[in-house]
Structures are given as C-alpha cells and as structure tokens.
Number of protein chains: 2
Amino acid sequence: MFTILKKDKKTKARLGELKAPHGILKTPMFFPVATQGTVKTLSNEDIIDCGAQAVLSNTYHLYLRPGLDILKKAGGLHNFMGWNRPILTDSGGYQVFSLAKLMKVKEEGVEFQSHIDGSKHFLTPEDVIDLQLSFGSDIVMPLDECVHYPAEKDYARASLKLTNEWAMRSKKRFTVDRSRAGGGDKSGPSPLLFGIAQGSTYVDLRREAIEGLTEIGFDGYAVGGVSVGEPDELVGDIAQYALALLPEDAPHYVMGVGTPVDILEAVSSGADMFDCVMPTRNGRNGTAFTENGKLVLRNAIYTDDFTVIDEGCDCIACRNGYNRSYIRHLIYASEILGLRLVSLHNVRFYVKLMKDIRTSIEQGKFTQFKEDFLKKYR
Amino acid sequence: MFTILKKDKKTKARLGELKAPHGILKTPMFFPVATQGTVKTLSNEDIIDCGAQAVLSNTYHLYLRPGLDILKKAGGLHNFMGWNRPILTDSGGYQVFSLAKLMKVKEEGVEFQSHIDGSKHFLTPEDVIDLQLSFGSDIVMPLDECVHYPAEKDYARASLKLTNEWAMRSKKRFTVDRSRAGGGDKSGPSPLLFGIAQGSTYVDLRREAIEGLTEIGFDGYAVGGVSVGEPDELVGDIAQYALALLPEDAPHYVMGVGTPVDILEAVSSGADMFDCVMPTRNGRNGTAFTENGKLVLRNAIYTDDFTVIDEGCDCIACRNGYNRSYIRHLIYASEILGLRLVSLHNVRFYVKLMKDIRTSIEQGKFTQFKEDFLKKYR
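### A few points about the interface of chain B and chain A
So, point 1. In this complex, chain B contributes 33 residues to the contact, which on the side of chain A involves 33 residues.
So, point 2. The set of elements that each furnish at least two residues to the side of chain B that touches chain A consists of helix H1 (44–49), helix H3 (68–73), helix H4 (77–81), helix H13 (324–332) and helix H14 (336–362) of chain B.
So, point 3. Looking at the side of chain B that touches chain A element by element, the count peaks at five residues for H13(B).
So, point 4. Among the residues making up the side of chain B that touches chain A, the classes are represented as 15 nonpolar, 12 polar and six charged.

What follows is the structure, encoded as structure tokens:
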C-alpha cells in the first residue's frame, strides 16, 4: 500500500505514495482538519482549489453529531459531506481526554459525557473501529490515551500499556470487520489501520510503544502525544527520536504537527504525513503564513496596505486581489469573509509547502530547499 | 440614464436599463446587501456566481469603519473591496436613527455617537454626499430621516419637511461635486443621485414628499420608510400608492423590500429596484428560499434528508450537491460553511427571481409568471 519512490541522501526525508480507497496520497503530505466534517470556513471546492489531497475528520465529534445513524443513512462520511478524496479519521482519543466531561478510563474502554449535551457514553476500542469503518474512513486510527505534557513516567508507562492493548484489540476488530467497510470501491484498496505510538517525552517508553505496535503490525505508524503542551523545542526532539524507531517501509504520521518549521524538521527525520489546525485556526485569528514568516493582519501596519497577503501566492484570496487593508477591515468588522480568505490562504500555503518539499526530494534538493525556506521564513 | 424597454400591459411592471458608472443595471433588479463592504459570508466571486448585477453598501458603516481616509487611499470602495460592478450606497440615515447612540436631529444635520466606540460625530447632508462621492458610489442616496411605524402624522409631516430640505441641499452639493467623484471611468456615465420619499403611512404626506422631490429633480426616486415595523399587509399598500406618485420615466427603488411576494407586488406597481437583508439574514439562520416556499433547515424533518436544498437550483450549494442533512449538521455545529451555503442559495434565488421577472415582462407574460410563482410559493 505504501511505496517509497525516492529517499533523500542527506536526511531521512522520503518521497512516497500511499494507496487509500479514495485515492493515492503523495507523501510527504498534510491533512487540513475537518473536525466536524468541514474544514472550518471552507467548502469542498475551496479545499480542492487549495490542492489538498485529503482531509482529517474526527470520530469523537462525528459520533456525537451528526451521529452514526445519519452517517450510515448518508452512505458514509464522504457522501454526507460531498467529499470524494481520502479521509483520515482520528479515533477521538485526544478529544475524549480533552473535551469530554467526567471522563473515566477503564480497561474495557472509556466512559465520558458529551461536551455538547452532557449525555453519557461508553466506547470500547472495538466500537471506535466499527464507527470509522461505518463512516467509510480511508485511514482508521485506534483509540488511544493521549498523555499531555508534562506526564510522570509511571503514568506515561501505564497509559501506553493500555494504549497498546487497545491497539491490539483494534487490529483484531479491524481485521474481522474490514470487509464490511462503508464507502469507496469495495474492489479497490481496503481502508488502512494505523498504530499510534505514545510514550510522552521518554525515549525508552517511545521505544516500548513502537516495539509493541510493530509486533501487532499496522499499515502505518503515527507518533501521537506531540504538540500537547510541551516546549516548542521538544516537539522536534520527540518527533525525531520516535520517527527513528518506526519501521522504515511503513508510512510515518506525526499527529497534530505543526508549524512549517516543525514539519520541515520532521520530514528530515522521516515523517510522511501531518495534520494540524494551525492554518485554519490562525486563519480565523487573521494571521497569515507567507514564505517570509507570519503576518498578523490585525496589526495597525496593514491599515492602509493595499497589497495582497502574498504577491507570489496563487490562493483564491491572493489571485482575486483581496488586499490586506480590506481583510483587516473584515476581521475588525467580524465579517466571515475575512476568516475564510485567510484560512484559504493558509491551507494553500501548507499544501504548497508539502508540494515543494516533494519536488525538492524528487530533485535531490531537499536540504537546499529546507535551508532556503528556513532562512526566508525566520 | 434610464431607459424603459418595455411596459407590461396588465400591470405597471416595466423592463428597463439604468446606466451607472460601473455598468448597466437591467431592471427590475435586486441589490444583495453588503453593509460593511461585504455581502455577509460571501466573496465577490460568490456574488458574481449568483449573478448579482450590483451590491448595496452603507455610508454610516463605512464612514465609521474603515473610514473615509482608508477608502480614499484605496482609490474608492470598489478598489477597496475588489468589486467592479455598480455599488449603491445608502446614506446611512436609517442606521443613524436605528443604530447610533444619543442621536440628535438638527436642521443643519445629525449628531450621533458611533455604535462601535461611542465616538461623537456630526454629519450634514452635504457631508453625506461628499462621503459617497469619495467612496466612488454609482448610486448616491441623500441623508433622510427614516420614520418608523407607527408615527403620529404631525411628526411624520415635520420629519418629511426636513428630509426634503436635506434632499434639496444634497442635490445642490451633488451637482457641484459630481465632477470630482472617485472611482469609475470619468469619461463614462456620472454617478446618480436618487431622492428618498418618506411620509410614513399617510398618502397625502407621501404625495407632498414626492412633489417636493420631483420639483428638485433626481436621477431616480426611492420609496423609503417601508418595512420599518408596519404590518405585512401595509408594506404592499404603501409601496403601491407611493410608486403610483413617482415620475414614470425615472427608476423607482423600494428600499429594504422585501419578501419574494412583496417584490412581485411592488414590480406590479412599477418598482424597478430592491434591496433587502432577507436572503443573507435568513441564510445565516438556516432558512432557505425555494419556489415552493421557505425551508427551515433546522427542522428535525431534514435530519436525514440527503437531497439538495432545491433540485432545480443552479447555485454553488445545490449544483455541488450539498445536502439538507449535511447543511443542518453544519448549522447545529456552528460551522461557517453552513451559513455560507444557505446565503449563496438565497442570494441566487433572489437574483434568479428578478431575472425571471424580467424575462416574463419581455415576453409579455408577467401576470402569468406572478400568478404561477405565487401559487407554488404560497
């Protein structure tokens, strides 16, 4: 399912292709985040215009709203939202632990109250696999406990033991149920199941986690528990040593990462897949990514700046001539168009960055590209 | 500047063309409302996709934010917002009287505090003309006092006397300043100045208002003070008798109207131009217009309705297959895409209604069209 097309000579960066039911993902790649079945402020046409290959959606959110019943009746999440490219669904582990109320972790699964209406729920790892297969997800993630930073080592160890047990049960259920996955062409590629390696900031725990997962065997491996409150400089460190431990021939996914700098560093360390709310969340705050760093469009300096966000950019906002002064006005006037224009620009920036990374690996110029990018960006 | 191309035989409906600096408006027509320089939730590309010929913006809002200085530096409102079709700017009379704080009407002008930051302002009718000419508006409206329903006759009479005096001063200033209007092609058509007829629900006052305005002479005439709190059935009545009093060869604009039914009735009475927040405001509430009446997409009945808003519709939302169940989900999940999809649909519905009205007048079938439409819509 995963083919490495080319390896960079100076770093661990690699160019690859991952076959998913709804299409082939060219890696390294970035998933815009469509938590509730929509990339915030953007339509499917917008996301496609940005060049995104796939989106990430969230099992916890979709399970609570609109709920499995509606998604089943719709014929899966792809039909429901009208998106026909691959979808990765996060298991919701992170959300259960961060959003839900009165959460209780048991060996059997996790008990929680909905953050929307307080209703009580109990989900096992098996339930979470069943949900994602019913959604018709292309890439399925097992239920895990996402440990926040800082975490005591004993707690991190016990937690990862549970996460790996859940991973085993998830694999078992997935293997049985794979055949009845919704959505996609049944004769085409099957959905993929990834393992999630936890272990907080402890190298030996990360190793233990990954050894356990590799023994079970997954279609890809994710580094979880990164960007969960640790200092910026640790993000790269954790990603680096966790990535070094992953099976080389499988796709490597660094969850929830990150800044353009984090992404470049992680690609150097062998990462293939990323997701992050940063482009859309920053977009809604009026902060735009450019090759020369971030622009805080709320700043007074842009009051009478009638240039587009980034002259060289081909996103919908820039190519249609929306200027910084106007976008700043929209943000201060609480006009939704402002949020959408900056989100469009930022998602395009991230997608373009990944494309440039792929091109540079293909041309054997990744290190040069990375250096040039970082020099301008910083 | 205004040419009547065809008159309906059974009603007072007429087909016309109005030349404005940024283009010719085919009438009867509808202005989507871009109060703060953006049609809420929509981009320029969206509005053009809906087929809108022009938008309406608001002098009071733009004067307060972003302010004259920025709009001048931008080279006018068209450049600022990147919109190259005609713009009508409302004078802001209605907003000063409804939004601003501590408002005082004096003969010289109107004193008020900004609803945004409480700053004090004083605007004369001359200031309001200057502002709109600096914005580069295609159609300029004079400062008026918009009397709400119900109004005592004495008050309504005194108010309209002031409004007509302001209209006289506006005309004088406009005539002097027309040459230095910003935006547009200076060698092309000049901006237009419309008069606004007030007079509340009193026929004799409406007559007095219109006689005064006609004596001054304007490029077009607007019926103001409609849809200001009066019972639904009065909207049509006021529009009807005010329209009957307007000079036949000038364009007739019924401000702030209205429902599809109100629009059809007013067209029958000789109206050429309309603006209303209804399509976008309803859009943001999740209420969609269709030929068969309104759909309240929040209703439970749409929970598992996977059809598009309106099968026959060619708007961005319908032609891309966004279904009612998904849009309902977006609205409940407070996702911006939901607001935009229904707004797109509704603006397209209004623009298409006006186009169908024009076609029916052209083909001598307006009465038939109106009857057929009302039968289905109600």
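### Digging into the sheet that holds strand S5 (residues 55–58) of chain B
Residue and element names in this part refer to chain B.
So, point 1. One open sheet accounts for eight strands, arranged S4-S14-S13-S12-S11-S10-S6-S5; its pairing is parallel. Only two strands of the sheet have a single neighbouring strand rather than two, namely strand S4 (29–31) and S5.
So, point 2. Helix-sheet contacts for helix H8 (residues 203–216) involve strand S11 (192–197) and strand S12 (220–223), and the interaxial angle to S11 is about 160°.

### Topic: the relation of the copies chain B and chain A
So, point 1. The two copies are related by a screw operation: chain B maps onto chain A through 180° of rotation and 0.0 Å of translation along the axis, at an RMSD of 0.0 Å. The operation mapping one copy onto its partner corresponds to a two-fold rotation axis. Residue B:Ile336 of chain B places its C-alpha closer to the rotation axis than any other residue of that unit, at 3.8 Å.
So, point 2. Interface residue correspondence from chain B to chain A reaches 100%, placing this contact among same-surface, isologous pairings.

### Focus on the domain arrangement of chain A
Residues and elements named next belong to chain A.
So, point 1. If you check the domain split of chain A, you get domain 1 (2–276) and domain 2 (288–342 + 355–373).
So, point 2. Put simply, the middle of domain 1 and the middle of domain 2, counted by C-alpha atoms, are 28 Å apart.
So, point 3. Counting from both sides, the interface comprises 20 residues of domain 1 and, opposite them, 15 residues of domain 2.
So, point 4. Every element with two or more residues in the side of domain 1 that touches domain 2 is listed here: strand S2 (14–20), helix H1 (44–49) and helix H10 (260–268).
So, point 5. It is H10 that contributes the most residues to the side of domain 1 that touches domain 2, four residues altogether.
So, point 6. Class assignment for the residues of the side of domain 1 that touches domain 2 results in eight nonpolar, four polar and eight charged.

### Brief notes about the sheet that holds strand S2 (residues 14–20) of chain B
Residues and elements named next belong to chain B.
So, point 1. Strand order across the open sheet formed by three strands is S1-S2-S3, with antiparallel pairing between neighbours. With one partner strand each, in any of the chains shown, strand S1 (2–7) and strand S3 (23–27) form the two edges of the open sheet. When strand polarity is set aside, the average angle formed by the axes of neighbouring strands in this sheet is 15°.
So, point 2. As judged from the five bridges shared by S2 and S3, these two strands associate in the antiparallel manner.

Conventions and cut-offs
- Residues numbered from 1 in each chain as written.
- Chains lettered and ligands numbered in written order.
- Predicted model: local features only at pLDDT ≥ 70, side-chain atom pairs only at ≥ 80, totals over all residues.
- Contact = placed C-beta atoms within 7 Å.
- Helix = DSSP H or I, 4+ residues; strand = E, 2+ residues; numbered from the N terminus.
- Nonpolar A, V, L, I, M, F, W, Y, C, P; charged D, E, K, R; others polar.
- Pairing = 2+ DSSP bridges.
- Axes fitted to C-alpha atoms, helices over the stretch in contact; angles between N-to-C directions.
- Least-squares fit on C-alpha atoms with pLDDT ≥ 70 in both.
- Domains from an automatic or database assignment.

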